[in-house]
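Survey of secondary and tertiary structure
Single-letter residue listing:
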There are 2 protein chains.
Amino acid sequence: MHESIFILRGNIVYSKNPEELNICEHHYLVCENGIVKGVYETLPEEFASCSVTDYEDRLIIPGLVDLHVHAPQYAFRGLGMDLELLDWLDTHTFPEESKYEDLDYAQKAYTIFAENMRNSATTRAVVFATIHRQATLLLMDLLEKSGLNTMVGKVNMDRNSPDYLCEASAEASALETVEWIKDVMHKKYKHTKPILTPRFTPSCSDELMEKLKMIQMRYNLPVQSHLSENPGEIEWVKELCPWSEFYGDAYDRFGLFGVDCKTVMAHCVYSDDKEVQRMKDNGVFIAHCPESNINLSSGVAPVKKYIKEGLHVGLGSDLAAGSTENIFQAMAHAIQASKMRWRMLDDSWKALTVEEAFYIATKGGGEFFGKVGSFEPGYEFDAVILDDSRLKYPQDLDVKKRLERIIYFSDDREIFAKYVEGEKLF
Amino acid sequence: MHESIFILRGNIVYSKNPEELNICEHHYLVCENGIVKGVYETLPEEFASCSVTDYEDRLIIPGLVDLHVHAPQYAFRGLGMDLELLDWLDTHTFPEESKYEDLDYAQKAYTIFAENMRNSATTRAVVFATIHRQATLLLMDLLEKSGLNTMVGKVNMDRNSPDYLCEASAEASALETVEWIKDVMHKKYKHTKPILTPRFTPSCSDELMEKLKMIQMRYNLPVQSHLSENPGEIEWVKELCPWSEFYGDAYDRFGLFGVDCKTVMAHCVYSDDKEVQRMKDNGVFIAHCPESNINLSSGVAPVKKYIKEGLHVGLGSDLAAGSTENIFQAMAHAIQASKMRWRMLDDSWKALTVEEAFYIATKGGGEFFGKVGSFEPGYEFDAVILDDSRLKYPQDLDVKKRLERIIYFSDDREIFAKYVEGEKLF
């Protein structure tokens, strides 16, 4: 599929930690069998005979990671942004998601999604589909074809959902999930993995959660869901699960909150100290979705605090509560949201830095996939080459500044080339 | 320059007020001598012989209005977003603006700015230049050539500014301003007008303000400046003008705050009741710059309140504290910022609607130019034709929804054609 060794040259930027960017101007990036061998100022003798692709003055960064995205919502991104979470789900989201029972519609919609994801700087994504098994498989086919490396979940919902988007029972939901997993195993995807996806506590009965844990253990699956996004949602979970200590505890009680299963929870805007501690203890990943949290008037997660306290944090586009698949914009939104939080709510945590935003968009989220999101030796080789020549400027700018501009106002036109797991997509 | 009558056909969208959008699918928009004659479902007999340009299923909207933009800052948009206003001015802005003494640099930088403004959906802009007379004229030449209709100001600064960007005295600043106005009169621009531009109270002495009022009256010029953007700035103004009742009063005392001179004040994040009342009484325009106010951690202006109370409100990109000239993005930012304000600071004012955001971006700001920003009969004919075919979707969408998507995630690729004052730019 790829040469065993190949080498890129350019202005290489990557993170080892949230505090600083590693900027290596006109360096060599060596890929061996899909894995980063190293970054070198002068090419070591041993690679003298290997082919070098010279990207000249362009930037080379790790592929971006979208830790939370709803593929079926892509069709209505930018629409219906006038409601809070629960009303938005009932009014816009559930009706739209119900359309994916129709495979023709799913084909049409998911094709647009997969194409745009391919054309973006994202190389990895953790994706919600819908409750529909066949449409979920279709989405996985398209993502596999796109060349991205993704985890995709058939959604589970067996309560508090409209008739047209509700599985008949916990039993039926679990059975369908097992069938879906078996289907996926037959497909033998190379880059597309299943992830267990209870939508969120309000739409999953205790019985369903118990069954999902059985499935999780049997197939050793990771888990994704939503957590502490909106005050109304959190109150509802308290009513539904009076036995829970906090929202996250309602997942943890069923073994679907880290520890023995890799888990990512979207949002965590209102996580209290206990919930934060539990996420830390259990190694739960947080998918920070700043634009979504703004568009649905949810609030702003204290992501600076999460980073400083050493929790696992990545970025999510959260389409379609977020309007764009562009994770550079998610970085800018994360910085901007943190400033609003500092100014209007709580000045004990300063704004995010560019370094921190870049880190969570690459290595922070990438760790959910393993050694992903950096150019440190041993990392899987995901790389995006950025050509910012369209974004003209009159002065001299160093690589760091060029990256900042790309974060604030680049789009898909700046994506010059893209590699996932050592394979060149374009 | 243009045919005396021409007609466009397409999906016409415009505002008469902040409450609702006028959406006229497949209607005719008639322009006579650069002025809107009307919008018609079927073309009246009298125009039967006139040429019709059929833009088919595309959207036709009034040109967008950027009520506050710093042309010399365009070069560093997206950079240095880690400081608040006063430190940001000292660290990034003043050093960059000082470069415009060099006309070669100004030519290079302003050419990029003018080109990108031309390619945007903006047809009108109120622009800050720098203190440099020649560079300001050069900017005006370029904007005149761009076809946009703009007001441009040579900046006045005679105190609290670094040596390299400070005029020698109030006298020198005033003299240079008069020279600049005379130069502008000789240029006989068609679309480019001078606007008096005291940077803000901290950088203009009382003596300078007095002289500027004399110039304002003598040449009957409009005025632009900054108001109540940042808490530190407001405190400083109190120290500098202990005699002022509030920040805006420090302009009003010199006659540079509406009444007999058309005035636009950028920001108004922290205007108290007295200041708001004075702006209302004096007919002062507010340039709401949501992205700037977020990026510099200034806060969020209560723009919903300003609209509801009937003040004049427009939108500003405020480059380079804002990162983009795209006023659609400013609309989205305005809606998003209002949600954060509602959630985190003050829930007595609900979020802006799409209708309100579109209104302030068109007619709200356009009124600073006269009858501009709408397709009501008698309005100057500024129009932008939007082709959203790149932004694929699988479902049927009505024109309103297509406009919402354009607001949230279109870019210059969607700008299909553009007219200013009845002349076609492209």
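To start, this report covers the structure provided alongside it. (Residues numbered from 1 in each chain as written. Chains lettered and ligands numbered in written order. Predicted model: local features only at pLDDT ≥ 70, side-chain atom pairs only at ≥ 80, totals over all residues. Heavy atoms only, no water.)

1. A short note on the overall build of chain A
Check the secondary structure of chain A and you find 13 helices and 17 strands. The globule rule puts the C-alpha radius of gyration for 426 residues at 22 Å, and the 21 Å found for chain A is close to it. In terms of overall dimensions, chain A has C-alpha extents of about 60 × 50 × 40 Å along its principal axes. Each of the 426 residues in chain A was classed as buried or not, and the buried ones make up 67%. (Helix = DSSP H or I, 4+ residues; strand = E, 2+ residues; numbered from the N terminus. Rg over C-alpha atoms; globule rule 2.2 N^0.38 Å. Buried < 20%, exposed > 50% of the residue type's maximum accessible area, 1.4 Å probe, protein only.)

2. Focus: unusual backbone geometry
The phi angle of most residues is negative, glycine excepted, and most peptide bonds adopt the trans form. All names here are of chain A. Here the amide bond leading from Leu319 into Ala320 is cis, since omega sits at 5°, within 30 degrees of zero. For Ala320, the location among the structural elements is in the loop between strand 14 (312-315) and helix 11 (327-344). The backbone phi angle of Ser297 is positive, close to 55°, even though this residue is not glycine. Inspection of the secondary structure assignment puts Ser297 in the loop between helix 9 (290-295) and helix 10 (303-308).

3. Digging into the side chain of Glu423 of chain A
As for its position among the elements, Glu423 of chain A is in strand 17 (residues 423-424). Polar contacts involving the side chain of Glu423 of chain A include one to the side chain of Lys190 of chain A, which spans 3.4 Å. (Polar contact = N/O pair within 3.5 Å; in protein donor to acceptor, adjacent residues only side chain to side chain.)

4. Quick notes on the sheet that holds strand 12 (residues 263-267) of chain A
Residue and element names in this part refer to chain A. A sheet is described by the order of its strands in space; here 4 strands give the open sequence 11-12-13-14, paired in parallel fashion. At either margin of the open sheet sits one strand with a lone partner, and together these are strand 11 (223-227) and strand 14. Shown here is a sheet whose adjacent strand axes are inclined to one another by a mean of 30°, direction ignored. When strand 11 meets strand 12, the two strands line up parallel, connected through 5 bridges. (Pairing = 2+ DSSP bridges. Axes fitted to C-alpha atoms, helices over the stretch in contact; angles between N-to-C directions.)

5. Here we look at the sheet that holds strand 16 (residues 415-420) of chain B
Residues and elements named next belong to chain B. A sheet is described by the order of its strands in space; here 7 strands give the open sequence 3-2-1-4-15-16-17, paired in mixed fashion. Each of the sheet's edge strands pairs with one partner strand only, and the pair in question is strand 3 (35-40) and strand 17 (423-424). Where strand 16 lies against strand 17, 2 bridges are found, and the strand directions are antiparallel. Bridged to Tyr419 within strand 17 is Lys424.

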